[in-house]
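Reading the structure
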Amino acid sequence: MAKKQFKAESKRLLDLMVNSIYTHHEIFLREIVSNASDACDKLFYKALTDDSVGLGRKDFKIEIKADKDSRLLTVSDNGIGMDKEDLESNLGVIASSGSFQFKQEVGDDAKDTDVIGQFGVGFYSAFMVSDHITVVTKKYGSDTACMWQSSGADGYTVTECEKESIGTDVIMHIRPDTDDEKFSEFLEGWRVQELVRKYSDYIRFPIRMEVSKSRKKEDSPEDSPEYETYSEVETLNSMIPIWQRQKSKVKKEEYDKFYRDKFSDYAEPQRVIAVSAEGSVTYKALLFIPSQQPFNYYSKDFEAGLQLYSNGVLIMDKCADLLPEHFRFVRGVVDSPDLSLNISRELLQHDRQLKVIAANLDKKIRADLAKMVKDEPEEYAKFWKNFGRQLKYGVVAEFGAHKEDLQDLLLFYSSTEKKPVSLADYVSRMKEGQESIYYAAGETADAIDRLPQLETLKDVGTEVLYFTEDVDEFTAQALMTYREKKFQSALSGDAAPADEREKKPEESEESDHKAVFDFVKEALGEQVKEAKASKILKSHPVCLTAGPGLSFEMEKYFAAVQPDQKLKADRILELNTSHPVFAALEKAVSDDPEKAKKYASLLFDQALLIAGLPLDDPSGYTDLVCELLV
């Protein structure tokens, strides 16, 4: 029979199908299996109103056969089949979709089916791995079978042939291997199984294949067992997604196993969030909060995102657009029949549906975490240890756009409770008349707890939040206030409670000892912005506070990530005028100015050490200490 030409600018368009549309060659099997599923769905739909079909859902199946010797990979189904006219219109015209036409014909009833196809190009993806394709098919209700054959863009033939049963066989002759491509892998049973489970695990008809297995021979001795290889037909796919089942009917053990198998985690998830939504976008989602932090979570190698399915067929393995950055730790799947897929079924044509789903999932995750904060504080503490920093990053990100959503989920270590507490809990314990939420930043909670600047607040029982992560102060800056209470650094010079400030009138202290402060400032020069009397010290002689804007912990952070900029906080040396050391300094200023300069230098270096800042000259500091000791 004479070869016919494709009806759609064949060579150029088919070349586009093969080389441009699909990102990965392995996608071809997903497309061919999806077509087979569509064919089964169409006949099943017909069987609902036509008793003569004689097939129920359990009778439909898809079979895969791999013949390495002949380099043939065959995908067969017992679905609706095609006649000559169907072959001409569906396979003779690239980008003509029989499944799309079927959806239009049945209208709203198509919601009851899982028909996947839409663009009519999926079949041609097989040419990425095949140099010749044969389609043998027999349509339901027809007495004759037809064979469609093509080697690519040069055209195709359609002839009558013999086929006993209805359905379709797609027979692909796999290309020879090249230096760059190993096409033979698609004839390996393990590889076919892997691809089916990756992309088509939830096709609702069984996908069967004869697989090779090994077993111990009968009567084989235990001390030197012998094994034999045998073949067995196995169903490769799960068929019914766990997320399609009602949560009340799924055991915890089933969720745990699904999570461990699907996301390669040996630990069970901490939380399971099942979502079923109908409305402008219909979808189901099954989300998991891991019980432990992935080893590469805070590295660039970690890939965030949820698996995205359309009618049980995997579209994207990591769809990052489904999760906001602050919930990037969440794992799970989303399945929707309403997605607007592009021609390769790999990306979305437009993201309106995706944005709706993402916004809803954001709310669901937040609600679950908020419930955990309230009802299961111990469980939330475990979650916080793993992923709390990510929520803080979420507050800071996008100029604080998400701070209102996340502020009630934040925890910070409390000086009085000796554990992380929420901002709501802190505010509920605030003393009468307390105007600010006090915090202190440092490397560890123990190190902060020993800071001399906190003595005054501690003595009056004021709770202080300890900021031990580099993002903490940026988080407080982004929040600015919480329930109309502003954040106040307990390490700043004016952090003393109101009653303590009244006991220490700053103006009087400054004027009484002005000569000392002027001397210290002159002795230290540009090392300090000013020297002043402290309102926050009690038993310690000296401390260093930062001016407005940049704190010392922020300075350390920028020194680590942007060392070339050399950003520095203003250094304000605060002296305790009630301490004996200050009296010695004041006496030296009047009696021995050279010794007073050494005292000033020593006190400044001590203040740097207390603040966790590096000394410019450690050797000089130790020499000075030794000099003053003798």
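Check the entry above for the structure.
Notes on the structure in this doc start here. (Residues numbered from 1 in each chain as written. Predicted model: local features only at pLDDT ≥ 70, side-chain atom pairs only at ≥ 80, totals over all residues. Heavy atoms only, no water.)

A closer look at the overall build of the protein chain
Definition in use: Helix and strand definitions here come from DSSP, where helices need a minimum of 4 consecutive H or I residues and strands a minimum of 2 consecutive E residues; each element is numbered from the N-terminal end. Residue exposure (1.4 Å probe, protein chains only): buried if accessible area is under 20% of the type maximum, exposed if over 50%, otherwise partly exposed. Working rule for contacts: check all heavy atoms of both residues, and any pair within 4.5 Å makes them a contact. Each accessible area is a Shrake-Rupley estimate made with a 1.4 Å probe; only the visible protein chains count as cover when residues are assessed.
Counting its secondary structure elements, the protein chain contains 20 helices and 22 strands. When burial is assessed residue by residue, the protein chain has 49% of its 630 residues classed as buried. Look at the contacts in the protein chain between residues 6 or more apart in sequence, and 69% of them connect residues 24 or more apart. Approximately 31500 Å² of the protein chain is accessible, and the part contributed by carbon and sulfur atoms is 47%.

Digging into helix H8 (residues 377–400)
The condition that has to hold: An expected span of 1.5 Å times one less than the residue number is assigned to each helix. Values of bend correspond, residue by residue, to the angle between axes fitted over the seven residues ending at that residue and the seven starting there.
Taking 1.5 Å per residue as the helical rise, H8 with its 24 residues ought to reach 34 Å, whereas the 26 Å between its terminal C-alpha atoms falls clearly short. At Phe387, H8 is deflected by roughly 70°, the largest bend along its length. Taken together, the buried positions of H8 are occupied by Tyr380, Phe383, Trp384, Asn386, Phe387, Gly388, Gln390, Leu391, Lys392, Gly394, Val395 and Gly400. Elements that come into contact with the buried residues of H8 comprise strand E10 (283–289), helix H7 (352–375), helix H9 (403–406), strand E14 (411–414) and helix H13 (472–479).

Thoughts on the nonpolar core
Put simply, the test is: In this description, a nonpolar core means a group of buried Ala, Val, Leu, Ile, Met, Phe, Trp, Tyr and Cys residues linked to one another through side-chain atoms lying within 4.5 Å.
Grouped together as the largest cluster of nonpolar side chains are 64 residues, with contacts concentrated most on Trp148 and Met172. Broken down by element, this core gets its largest block of residues, eleven residues, from helix H2 (residues 27–47). Apart from residues lying up to four places away in sequence, Met172 is in contact with Phe28, Ile32, Arg71, Leu72, Leu73, Val75, Ala126, Ser130, His132 and Ile133. Ranked by size, the runner-up nonpolar core spans 63 residues in total, among them Ala277, Leu339, Met372 and Tyr466.

With respect to the environment of Gly167
The residue Gly167 is located in strand E6 (residues 167–174) in this model. Each C-alpha atom of the pair Gly167 and Thr137 lies 5.7 Å from the other, and the pair is 30 residues apart in sequence. Those residues in contact with Gly167 that sit more than four places away from it in its chain are Asp77, Asn78, Gly79, Gly81, Val136, Thr137 and Lys138.

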